[in-house]
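# Secondary and tertiary structure notes
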Amino acid sequence: MKLRRFIEVVLGLGIGGGLLYWVLRDYSWQALWEVSWQWEWFAGAGVAMTLAHALRAWRWKLFLSASGYENVSGAEVFLALMTGYLVNLGLPRAGEIVRCSLLYRARRLPLEVSFGTVVGERLLDVLLLGVWGAVVVVIEGSEWLRQLGMWRWGPFLAGGAVVGAMLLWGLYRYRERLPWAWVQRLIKGVVSAFMVRPQSLNLFLSVGIWLCYWIATWMAGRAVDNVFSLWGAWILLVGSGLAMAIPVPGGLGTFHAIGFTLLTYLGYTENPAKTIVIIVHAFQTLHTILLGLIGIGYFFIQKPTNGSR
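The following refers to the structure shown. (Residues numbered from 1 in each chain as written. Predicted model: local features only at pLDDT ≥ 70, side-chain atom pairs only at ≥ 80, totals over all residues. Heavy atoms only, no water.)

Tracing the backbone through its elements, the reader meets Glu121 in helix H6 (residues 111-140). Not counting the four nearest positions on each side in its chain, Glu121 is found in contact with Arg56, Arg59, Trp60, Phe63, Arg99 and Ala193. (Helix = DSSP H or I, 4+ residues; strand = E, 2+ residues; numbered from the N terminus. Contact = heavy atoms within 4.5 Å.)

What follows is the structure in structure tokens.
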């Protein structure tokens with residue numbers, strides 16, 4: 001397992017590093033010194049990004065409650081989430097296990113249940129990302145998909161989504177017939193993302209998360225480019241969502257390559273487009289590191305408790 005994880009990290013860094021080199025090989029780093037830094041925009045972006053994470057933590061707590069576990073506090077959920085995101089910067093996907101492990105350590109929350117809610121959370125995010133991508137395609141046309149090299153994969157992605165939904169429904173429908181109790185708990189956690197009541201609150205939080213990400217992306221871009229538009233931020237956000245789905249540490253290289261490609265497609269010239277993606281990615285990374293370190297500090301000094309269901 002350790003060897004496989006090592007290979008995954010090395011391979012991810014290799015792909016990300018190659019893409020990063022491709023984007024930045026002709027970049028004039030002097031441009032960063034010539035930027036008129038507007039720190040108030042960074043401050044606003046920090047507030048919006050923190051709010052997005054807080055809404056995500058709130059939603060995750062709802063999923064846990066829907067699974068029958070309500071003894072974990074909102075602060076613990078938020079800090080576990082941010083600690084997991086920090087781990088993901090170095091070890092993609094490992095952060096999901098870490099944040100569930102932290103809740104087990106703090107409140108003895110069953111790992112199968114909490115990890116199931118994380119899987120459900122990701123499925124819901126993928127569905128929403130598909131909706132946001134469809135919005136871009138409707139406005140920009142199918143050329144947007146060609147820019148990402150996804151046009152030929154569209155039918156396979158749609159078919160996979162249908163098969164996945166049917167499989168999830170079947171597992172949930174017949175979960176009690178499965179011989180493994182831990183699998184039943186895992187499935188229960190997964191479907192909790194779609195069983196939250198009221199559903200209107202789930203929808204509000206899910207859309208609110210993306211809106212806050214959007215505003216944060218726009219503000220971070222405006223901090224270095226006065227003409228960076230809300231639509232450009234939306235395109236970059238949707239593209240970065242695809243980039244982060246690729247198991248490369250911290251979206252290194254993938255974020256830059258996809259973001260640069262999409263911004264130049266919108267009409268941004270090469271150097272400003274590269275500057276924007278560099279700054280937005282750096283802002284997101286530093287923000288995650290800061291909140292993640294706070295989370296590590298909290299769980300380091302906290303004593304494990306037995307907890308109760």
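Turning our attention to the nonpolar core. Nonpolar side chains tend toward joint burial in soluble globular proteins. Trp60 and Phe228 are the most contacted members of the largest nonpolar core, which totals 76 residues. For this core, the element with the highest residue contribution is helix H3 (residues 39-66), accounting for 12 residues. (Core = buried A, V, L, I, M, F, W, Y, C linked by side-chain atoms within 4.5 Å. Buried < 20%, exposed > 50% of the residue type's maximum accessible area, 1.4 Å probe, protein only.)

Further remarks concern the pattern of salt bridges. For the structure on display, the rule yields 10 salt bridges. The residue Asp125 makes a salt bridge to Arg59 at a minimum N-O spacing of 3.1 Å. With Asp125 in helix H6 and Arg59 in helix H3, the pair connects residues that are 66 residues apart, well separated along the chain. Across the pair, exposure class does not vary: Asp125 and Arg59 are buried alike. If you follow the salt bridges from partner to partner, you end up with Arg56, Arg59, Glu96, Arg99, Glu121, Arg122 and Asp125 in one network. (Salt bridge = Lys/Arg side-chain N within 4 Å of Asp/Glu carboxyl O.)

Running from amino to carboxyl end, helix H10 (residues 199-222) crosses helix H11 (residues 230-244) at an angle of 115 degrees, the nearest separation of the two axes being 9 Å. Regarding H10 and H11, the two cross each other, and that crossing is right-handed. Each of Trp210, Tyr213, Trp214, Ile215, Thr217 and Trp218 in H10 lies in contact with H11, whose residues at this interface are Leu230, Ala233, Trp234, Leu236 and Leu237. Residue classes in the contact of H10 with H11 are distributed as 10 nonpolar, 1 polar and no charged. (Axes fitted to C-alpha atoms, helices over the stretch in contact; angles between N-to-C directions. Left-handed = near helix turned anticlockwise from the far one by under 90°. Nonpolar A, V, L, I, M, F, W, Y, C, P; charged D, E, K, R; others polar.)

Structural measurements only, silent on function.
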